[in-house]
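A look at the structure
One-letter residues, chain by chain:
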Amino acid sequence: MAIPNMATIRAYRRPAYRMILRPAEMPLDRTVTKFGGLPYLLQHERWPVCRGCQRPMTFMFQTHLRDLPGGVRMGRYDFLTFYYCLDCAPRSSLEQKGFHLELRRTSPQDELQPAHFAFRREELTEPRECAVVFRPFDDLPTGEMLASFLGTDEGAYDSYMKYLEQVRGGSIFASKIGGYPSWVDAEPTMRCQCGLAMKFFAQISSEEQANLLWGAGGVLYLFHCPHACNPNALSFVIQSE
Ligand SMILES: [Zn+2]
Ligand SMILES: [Zn+2]
């Protein structure tokens, strides 16, 4: 079935970057966007410890914003790091424990920790080190947001969602930075401590080939303060069916 009002819907295009994970054969550079492996951590910095269980957390991923071709701005910062406690496994940053989310500003002069500093928890399913290939595309909102253009015909809604699936490379939950989120569950409202509503930054699906599991296989959503008002002005939610 044809999708009504496609020209109007196209006006909602937003730049986005699909994230394709490639398991690394060799350890990747510490300054690149990646999952697992050794993070960017300065010589004088400590490995983040969980506030809930006091154990070292797992480095999950980091993003160097320069790796995003059109650029995503976060104030004076150029780098985002995420550590997570796989034991406490919080479902949201509102739980205030079990994660460390940080914006930073990198410099080529930075002295990094030597490689042997890293904490690995062999008994846990930590993510396998993966490089990330970014594919820029024009994202569109989900059908729920476009109800006034799609009308009440279920066929139109279904056709549109099939189309969106193709736009996102096969799944509306595909891992990506930018664009519009696809919620598994209800849309959360995330507020920064400065009072502003946080903006959607990325959705990251569980990826089995990377040993990356959010809860029992959910989707992680990341948000940032539009003013990047402080280095921890980030939040997350995990949703699963
Ligand atoms: Zn913990
Ligand atoms: Zn803020």
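For the structure, see preceding data.
Residues numbered from 1 in each chain as written. Chains lettered and ligands numbered in written order. Predicted model: local features only at pLDDT ≥ 70, side-chain atom pairs only at ≥ 80, totals over all residues.

Brief notes about the overall build of the protein chain
The helix and strand inventory of the protein chain stands at 3 helices and 10 strands. Whereas a compact globule of 241 residues would reach a radius of gyration of roughly 18 Å, the protein chain reaches 19 Å, a difference of no more than 12%. Each of the three principal axes of the protein chain carries a C-alpha extent, and together these read 60 × 35 × 35 Å. Taking as baseline every contact in the protein chain between residues at least 6 positions apart, the subset at least 24 positions apart corresponds to 69%. (Helix = DSSP H or I, 4+ residues; strand = E, 2+ residues; numbered from the N terminus. Rg over C-alpha atoms; globule rule 2.2 N^0.38 Å. Contact = placed C-beta atoms within 7 Å.)

Structural notes on unusual backbone geometry
Unlike most non-glycine residues, N5 shows phi in positive territory, near 55 degrees. Accessibility expressed as a C-beta count within 10 Å gives 15 for N5, which makes it partly exposed. A positive phi angle, close to 40 degrees, is found at A228, a residue other than glycine. Using a count of 17 C-beta atoms within 10 Å as the deciding quantity, one classes A228 as partly exposed. (Buried ≥ 20, exposed ≤ 12 C-beta atoms within 10 Å, placed from the backbone.)

With respect to the nonpolar core
Of all hydrophobic cores here, the largest spans 40 residues; its most connected members are L220 and F236. Broken down by secondary-structure element, the contributors of at least two residues to this core are β1 (14–23), β3 (58–64), β4 (79–84), β5 (99–104), β6 (130–139), β8 (199–205), β9 (219–224) and β10 (234–239). With sequence-adjacent residues up to four places away left out, F236 is seen in contact with S92, S93, F99, L101, L220, Y221, L222 and F223. Residues I3, I9, L146 and Y160 belong to the second largest nonpolar core, which totals 8 residues. (Core = buried A, V, L, I, M, F, W, Y, C linked by C-beta atoms within 7 Å.)

Here's the deal with the environment of L86
Here L86 lies in the loop between β4 and β5. The sequence separation of L86 and S205 amounts to 119 residues, and the corresponding C-alpha distance is 16 Å. With residues up to four places along the chain from it excluded, the contact list for L86 reads T58 and L124.

Digging into the environment of C53
In this fold, C53 is placed in the loop between β2 (34–35) and β3. Look at C53 and you get partly exposed, because 13 C-beta atoms sit within 10 Å. Taking the C-alpha atoms as reference points, C53 and C88, separated by 35 residues in sequence, lie 7.2 Å from one another.

A look at the environment of N232
Counting through the fold element by element, N232 comes out in the loop between β9 and β10. With 14 C-beta atoms packed within 10 Å, N232 lands in the partly exposed category. Remark: the alpha-carbon pair of N232 and G179, spanning 53 residues in sequence, is separated by 22 Å. Residues contacting N232, with those up to four places away along its chain left out, are L101 and E102.

Re the pairing of β8
Note that strand β7 (residues 176–178) and β8 share 2 bridges and pair antiparallel. Its bridge partner being in β8, K176 is matched across the sheet by Q203. Summarising the sheet, β8 and β9 pair through 6 bridges and their orientation is antiparallel. Across the sheet, the residue bridging to K199 is H224, located in β9. (Pairing = 2+ DSSP bridges.)

Remarks on the sheet that holds β7
In spatial order, the strands read β5-β4-β3-β2-β6-β1-β7-β8-β9-β10; together these 10 strands make up an open sheet with antiparallel pairing. The open sheet is flanked by β5 and β10, the only strands paired with a single partner.

Section: the pairing of β4
β4 sits mainly inside the fold: 5 of its 6 residues count as buried. Judged from the 6 bridges that link them, β3 and β4 form a sheet pairing that is antiparallel. Note on β4: the bridge partner recorded for H64 is F79. Where β4 meets β5, 6 bridges bridge the pair, whose relative direction is antiparallel. Bridging from a neighbouring strand, F82 pairs with L101 of β5.

Nothing here speaks to function; it is geometry throughout.
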